[in-house]
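One letter stands for each residue in the lines below.
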Amino acid sequence: MTLSRRNVLALPAALYLSGSGAAPAPGQSQGYPTLDEKQLGHLRFISNIAQRRHNDWSRMDSDEPGQGNFDAYRYQLAMMAYTVHLANYHYTPAWREVHQATSEKLVEKMMRFDVWSFWENVSRGAKQFDPSLAALSDGWRDPVIKQNIMYSGHLFQMVTTYAMLYDSSRYEQAGALTFDFDPKARGMGREQFVYDTPRLAEVLRNQFAANGWAGVECEPNAIFVECNQHPMLGFKLLDQRKGTAYFSEVSAQYMKVFDEQQFFHPENGSSMLFKMVKQGRKVPAQLAWNDGWAGTFLHAWAPQKVREVYPKLRSKYLVPQADGTAVIPFAKASDAWSWGNGFIAALAAETGDVETARAMLAYADRHWSPTWVDGGLHYPRNDNFETSPGRGNGIPERFSSPRVNTLTGNGLLGLARINPGQGFFSMFERPWTSEHFRNPYISGVEFPQVQVARAVYDDEKRALLLRLRPERTMDARLSVHQLNAQGTHAVLINGTVAGRVQNGRATAAGSGLQMDMRDGVLALNLPLRATAEVVVQQLG
């Protein structure tokens, strides 16, 4: 196709035409998911955390120093990683470099001794999980060989999702997940526990089988529903990538036990707190954090189970406020209150109840001091509670509390805000395959000076659609890969044709755009004064 001057002038309308619809005004999202300022702020905060030097855990501190509570590093790192995964899959599938680097750094931190060293003591047992315990065992140091699914399950989901999103065998190589035990001034010397994704999968599968498929223990003798959803999702992605059959085997056996033993209470809809393995006894509970966590990730692979109970949970926990926000109130001061709100917000978003998720996020924005630091958004830790005279049932007349835990402020609220609705279900039901990685994509973006709010390739329109947010007026460079070498392409900035590529030659058409086509890669230097819509479309 020859790109005449007439073709160029007609392109903006032709580009966005869908059926009989007209072209939207420049700057609109054209129906493609687009990250807003707050969503980008969460991702920038996570990127900043990931880039910190080893052992710098500032802004990730907990009021419990032993990594035994939900603000433990492992949970924060995992929830932040899942947030990045959702953003990359749903909003920027054609731009991966920064999210990939952030994901790698989060896995790297997950492998630090600071994160998993708690297991040496926790593996010895606890009477609260095993009433028959008369004395502590010697315990063990390997953090994934047995039990501890509250760590290994997250690591497994992180590395298998990474492999899917970036078509990478990085963690599948022998020894790629090696734990280095080398504390100073104690022990018998350095030890290493050598794993990789396939070996970790086999260890996890065998533990499900050893426990009669009821799940893998977190602490010795205690099986929690929520923690066992993470390895299930890892199995599903590994099977898709490697042709294994872990998920089909484990999920069928697990769900049979789940139903027979009623891990969800048939009347109130709540998840059991945990199951004692030796005693064969379930410990019941009605806790918002427990139900929200279990439901969010179970929905990713068994959504009907969660849809059946979600209305009961929302009705039971959530209290709408007069200002249009919503919150889960507390009857007495508890550190679990913030986690409950965070996990129920995440659950609402995952089930597609966007209205409830937005109301809970609006409450957080009003009461929890959203803070921007180095371009990133989070809700800083606050240990204080405020109460006021109640109107019964533990619900204050004017309910407000600044209490925020770091898991909620760093991870869960961003997770809820970035989930577009059924985000995990979509990602695990329709993982990327090799076909996705043949599509055009961009790299070389000068992050964080330029943030990518959208990067989507529309195969039907044969168009790469970008939304770029510069922090100031600047010339922004980026590269476009895998354009059809035989095709003719147009480059549009805010709906105006600014250049073309034809016969392997790039030609700018004014507007300050600089272009160069070399070795099949289109290099662009874009004059950005504000947020811009950039489109690269094949015409013929």
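Shown above is the structure to which this text applies.
Residues numbered from 1 in each chain as written. Predicted model: local features only at pLDDT ≥ 70, side-chain atom pairs only at ≥ 80, totals over all residues. Heavy atoms only, no water.

Trainee: Quick rundown of the sheet that holds strand E18 (residues 521-528)? Include the residues and the values.
Mentor: Backbone-to-backbone hydrogen bonds join strands into a sheet, with any given pair of strands oriented parallel or antiparallel. Spatial ordering of the open sheet is given by E10-E13-E18-E17, a layout of four strands whose pairing is antiparallel. Edge positions in the open sheet fall to strand E10 (441-443) and strand E17 (514-518), since each of these has one partner strand only. Direction aside, neighbouring strands of the sheet carry axes that sit 25 degrees apart on average. Bridge count between E17 and E18: five bridges; the pairing is antiparallel. Residue Met-517 lies in a different strand from E18, and its bridge partner there is Leu-522. (Pairing = 2+ DSSP bridges. Helix = DSSP H or I, 4+ residues; strand = E, 2+ residues; numbered from the N terminus. Axes fitted to C-alpha atoms, helices over the stretch in contact; angles between N-to-C directions.)

Trainee: Run through the packing of helix H9 (residues 229-242) against helix H11 (residues 288-298), naming residues and quoting values.
Mentor: In contact at an axis separation of 9 Å, H9 and H11 are set at 10 degrees when each is read in the N-to-C sense. Here H11 runs roughly parallel to H9, going by the angle between their axes. Listed contacts from H11 to Gln-229, His-230 and Leu-233 of H9 are Trp-293, Ala-294, Phe-297 and Leu-298. Residues that form the contact of H9 with H11 fall into these classes: five nonpolar, two polar and no charged. (Parallel < 35°, antiparallel > 145°, perpendicular 65-115°, else oblique. Contact = heavy atoms within 4.5 Å. Nonpolar A, V, L, I, M, F, W, Y, C, P; charged D, E, K, R; others polar.)

Trainee: Report on helix H3 (residues 73-90), specifying residues and quantitative values.
Mentor: Over its 18 residues, H3 extends 26 Å from the first C-alpha to the last, a length consistent with the 26 Å expected when each residue adds 1.5 Å. Of all 18 residues making up H3, 18 are buried, and the element is well covered by its neighbours. (Expected span 1.5 Å × (residues − 1). Buried < 20%, exposed > 50% of the residue type's maximum accessible area, 1.4 Å probe, protein only.)

Trainee: How would you sum up helix H15 (residues 406-418)? Please name residues and give values.
Mentor: Spanning 13 residues, H15 covers 18 Å between terminal C-alpha atoms, matching the ideal 18 Å at 1.5 Å per step. At Leu-412, H15 shows its maximal bend, which comes to roughly 35 degrees. With 13 of its 13 residues buried, H15 lies for the most part within the structure. (Bend = angle between axes of the 7 residues up to and from the residue.)

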